[in-house]
Amino acid sequence: MIIKPRIRGFLCTTAHPAGCAQDVANQINHAESEGIRSDGPKRVLIIGASGGYGLASRISTAFGFGSSTVGVFFERPASGNRTASPGWYKTAAFTEKAKAKGLYTANINGDAFSQGIKDATCDLIEKDLGQIDLVVYSLAAPARQLPDGSVVRSTLKPIGEPFEGSTIDLNTRELKSLSLEPANEEEVSDTIRVMGGEDWELWIQALLARGLLAAGCITTNYTYLGSEVTWPIYHHGTIGKAKEDLDRAQAALVEPMESVNGKAHVVVMKGLVTQAASAIPGMSIYLSLLFRAMKKAGTHEGCIEQTTRFFNTQLFGSGEHRTDEGGRIRMDELELRDDIQQFVADNWSLVSAETLDDMTDFDGYKQAYLEMHGFEVAGMDYEAEVDPEIPIELQVGEA
Ligand code: NAD
């Protein structure tokens, strides 16, 4: 089968297995280029391990520290003439490379919110690894099924006032205006239940109850604050409320983690093109401006650069933690530099279809978006036939 990108709105419905594998290989090269270190975690659990920051965390720890990794994710294999999801192909590629290095790698495909997946993960850890030294919670989900079977959904809406903005059509490069009514109370609380800290706490409680967190264990959860221009839809919107709830959950986890002499951290990462980020209204304009400014300044980073720098210089490095007044570790210091944000603010209201190329790095944004699905990865032959059916060795869950 010859696989091409098929884009609808902000969604790409196809993925390229060989391109995804190459993307993983490139990320591994970056993690290895920093050298293998012995001061990191030996056994890592990543919840949300197949895309964006979670996959990069898995690669940084496995190939930077030689860690054994257990990855939990929700991905779709290929079926009929439908390709698998990008995270499926990337997990397949990661597993192959990690096993070739002799690294323990276990994959759990299923709903991380469910008690069943939590129990199965605990059983596997108990059987294979005994305990865990680092738990990275990196889930980004549109919905969560609650124990009573009901489903709550997260929404990306402003709070209090309507949002007027624009977004760039990936196909036509047209700017489309966007108006969103403010969220009601139920939408706010549902978004907090999906993207807030409750499920992180449930995972840690489940692991602690089974004695599966090693002495000195660390757990992290990624958050985003971003630029003031995005605050009406992000920081001050429904997703911002959910992110605020991570700070509550972190405070609530301090005591339970102390029982194993461990710690819980919320970590502020930079804005990047991932599956989750591409769904945020108006983010394409912000990221296109940001990429332009950061590439010019020589400070641009992707997921793997962020996570590798985070583990090597903050979580396991000997240097001081770069924390803010809320105790969060900051990895967004280059994004928020005055000169970068000044460029974004100066050009924010000037972006149009005519100025897109001169003013922004929309091409870089689009390239990152396509690369995320395994397309436009350097060195690939996209006219070659590929088999979309790539198996993954799953310890839990179905293929
Ligand atoms: P992503 O969409 O790339 O990855 C999400 C992961 O969650 C995938 O592995 C997916 O399989 C998994 N997942 C989703 N629903 C699941 C479920 N029900 N059960 C099991 N696994 C499930 O997302 P991302 O952008 O890497 O986001 C990860 C975290 O990083 C989020 O908390 C996000 O807010 C945060 N963050 C993202 C950015 C950004 O710009 N992308 C910036 C700062 C912080």
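Scroll up a little and you will see the structure.
Predicted model, so just to flag it, every value in this text is computed and none were measured. (Residues numbered from 1 in each chain as written. Predicted model: local features only at pLDDT ≥ 70, side-chain atom pairs only at ≥ 80, totals over all residues. Heavy atoms only, no water.)

From N to C terminus, the protein chain includes twelve helices and 13 strands. With respect to the principal axes defined by its C-alpha atoms, the protein chain has extents near 60 × 50 × 45 Å. Considering only contacts in the protein chain between residues 6 or more positions apart, those separated by 24 or more positions represent 77%. For the protein chain, the computed accessible surface area is about 16,800 Å², with 50% contributed by carbon and sulfur atoms. Charge-centre separation for the protein chain: the mean point of 36 positive side chains lies 3 Å from the mean point of 56 negative side chains. (Helix = DSSP H or I, 4+ residues; strand = E, 2+ residues; numbered from the N terminus. Contact = heavy atoms within 4.5 Å. Areas by Shrake-Rupley, 256 points an atom, 1.4 Å probe, with all protein chains shown as cover. Lys, Arg positive; Asp, Glu negative; His and termini not counted. Charge placed at Lys NZ, Arg CZ, Asp CG, Glu CD.)

Attention shifts here to the sheet that holds strand 3 (residues 43-47). Taking strand neighbours across the sheet as the criterion, the seven strands line up as 5-4-3-6-11-12-13 in an open arrangement whose pairing is parallel. Single-partner strands in this sheet number two, and they are strand 5 (105-109) and strand 13 (329-330). Bridge count for strand 6 (residues 132-137) against strand 11 (residues 213-223) is five bridges, and the pairing is parallel. Looking at the pairing, Val135 lines up with Thr219 of strand 11. Strands in contact with helix 2 (residues 52-65) are strand 3, strand 4 (68-73), strand 5, strand 6 and strand 11; relative to strand 4, the strand with the most contacts, it is inclined by about 170°. Each of strand 4 and strand 5 touches helix 3 (residues 86-100); the most contacted strand, strand 5, lies at about 160° to it. (Pairing = 2+ DSSP bridges. Axes fitted to C-alpha atoms, helices over the stretch in contact; angles between N-to-C directions.)

Scanning the entire structure with this criterion turns up 29 salt bridges. The salt bridge involving Lys118 is made with Asp199; its shortest N-O contact spans 2.7 Å. Of this pair, Lys118 sits in helix 4 (residues 115-128) while Asp199 sits in helix 6 (residues 198-209), placing them 81 residues apart in sequence. The buried category is assigned to Lys118, whose relative accessible area is 1%. Two residues, Asp363 and Arg173, come together in a salt bridge whose shortest N-O distance is 3.1 Å. Of the two residues, Asp363 sits in helix 12 (residues 362-372) while Arg173 sits in the loop between strand 9 (163-168) and strand 10 (175-180), which places them 190 residues apart along the sequence. Given the relative accessible area of 47%, Asp363 is considered partly exposed. By relative accessible area, Arg173 is classed as partly exposed at 26%. Overlapping salt bridges, with partners in common, bring together Asp247, Asp324, Glu325, Arg328, Arg330 and Asp332 in one network. (Salt bridge = Lys/Arg side-chain N within 4 Å of Asp/Glu carboxyl O. Buried < 20%, exposed > 50% of the residue type's maximum accessible area, 1.4 Å probe, protein only.)

Tracing the backbone through its elements, the reader meets Lys176 in strand 10. A relative accessible area of 40% means that Lys176 is categorised as partly exposed. In this structure the C-alpha to C-alpha distance between Lys176 and Ala353, which are 177 residues apart in sequence, comes to 9.6 Å. Once you skip the residues sitting within four places of it in the chain, Lys176 turns out to touch Gly165, Ser166, Thr167 and Asp169. Separated by 2.8 Å, the side chains of Lys176 and Asp169 make a polar contact. (Polar contact = N/O pair within 3.5 Å; in protein donor to acceptor, adjacent residues only side chain to side chain.)

So, about the packing of aromatic side chains. Considering all chains together, one arrives at nine aromatic pairs under this definition. Look at Tyr222 and Phe310: their rings are 6.2 Å apart centre to centre, the planes differ by 75°, and that puts the pair in the edge-to-face class. Linking Tyr222 in strand 11 with Phe310 in helix 9 (residues 303-315), this pair joins segments that are 88 residues apart in sequence. Each member of the pair, Tyr222 as well as Phe310, carries the same accessibility label: buried. Three or more aromatic residues joined by ring pairs make a cluster, and in this case those are Tyr53, Phe65, Tyr222, Phe310, Phe311 and Phe316. (Phe/Tyr/Trp six-rings, centres within 6.5 Å; stacked < 30°, edge-to-face > 60°.)

A few words on the nonpolar core. The biggest cluster of nonpolar side chains holds 104 residues, and the ones touching the most others in it are Leu45 and Leu207. For this core, the leading source of residues is helix 8 (residues 283-297), giving nine residues. Residue contacts for Leu207: discarding those within four places in its chain leaves Leu45, Cys122, Ile125, Val135, Leu212 and Leu213. Listed in part, the ten residues of the second largest apolar core include Ala15, Ala84, Trp88 and Ile392. (Core = buried A, V, L, I, M, F, W, Y, C linked by side-chain atoms within 4.5 Å.)

Next up on the list: the state of the cysteines. In total, this model carries zero disulfides according to the counting rule given. The thiol of Cys20 is unpaired, and the distance to the nearest cysteine sulfur, on Cys12, comes to 9.6 Å. (Disulfide = S-S within 2.5 Å.)

On to the pairing of strand 5. Counting buried positions along strand 5 yields five of five residues, so the element is predominantly enclosed. Here strand 5 shows no split at all, with Thr105, Asn107 and Asn109 on one side and Ala106 and Ile108 on the other all buried. Taken together, the five bridges between strand 4 and strand 5 define a ladder with parallel strand orientation. Paired with Gly71 across the two strands is Asn107, which belongs to strand 5. Handedness of the β-α-β unit built from strand 4, helix 3 and strand 5 comes out right-handed. (Right-handed = clockwise from strand over helix to strand, strands pointing away.)

Note that Asp361 resides in the loop between helix 11 (356-359) and helix 12. Under the relative-accessibility criterion, Asp361 is labelled buried at 13%. Once residues within four sequence positions are removed from consideration, Asp361 is found in contact with Ser288, Phe291, Arg292 and Lys295.

It is worth spelling out the pairing of strand 11 at this point. By the criterion of burial, strand 11 is predominantly enclosed, with nine of the eleven residues buried. Bridge count for strand 11 against strand 12 (residues 263-268) is six bridges, and the pairing is parallel. Opposite Thr219, over in strand 12, you have Ala264 as the bridge partner. In this view, the connection linking strand 11 to its parallel neighbour strand 12 by way of helix 7 (residues 238-258) has right-handed handedness.

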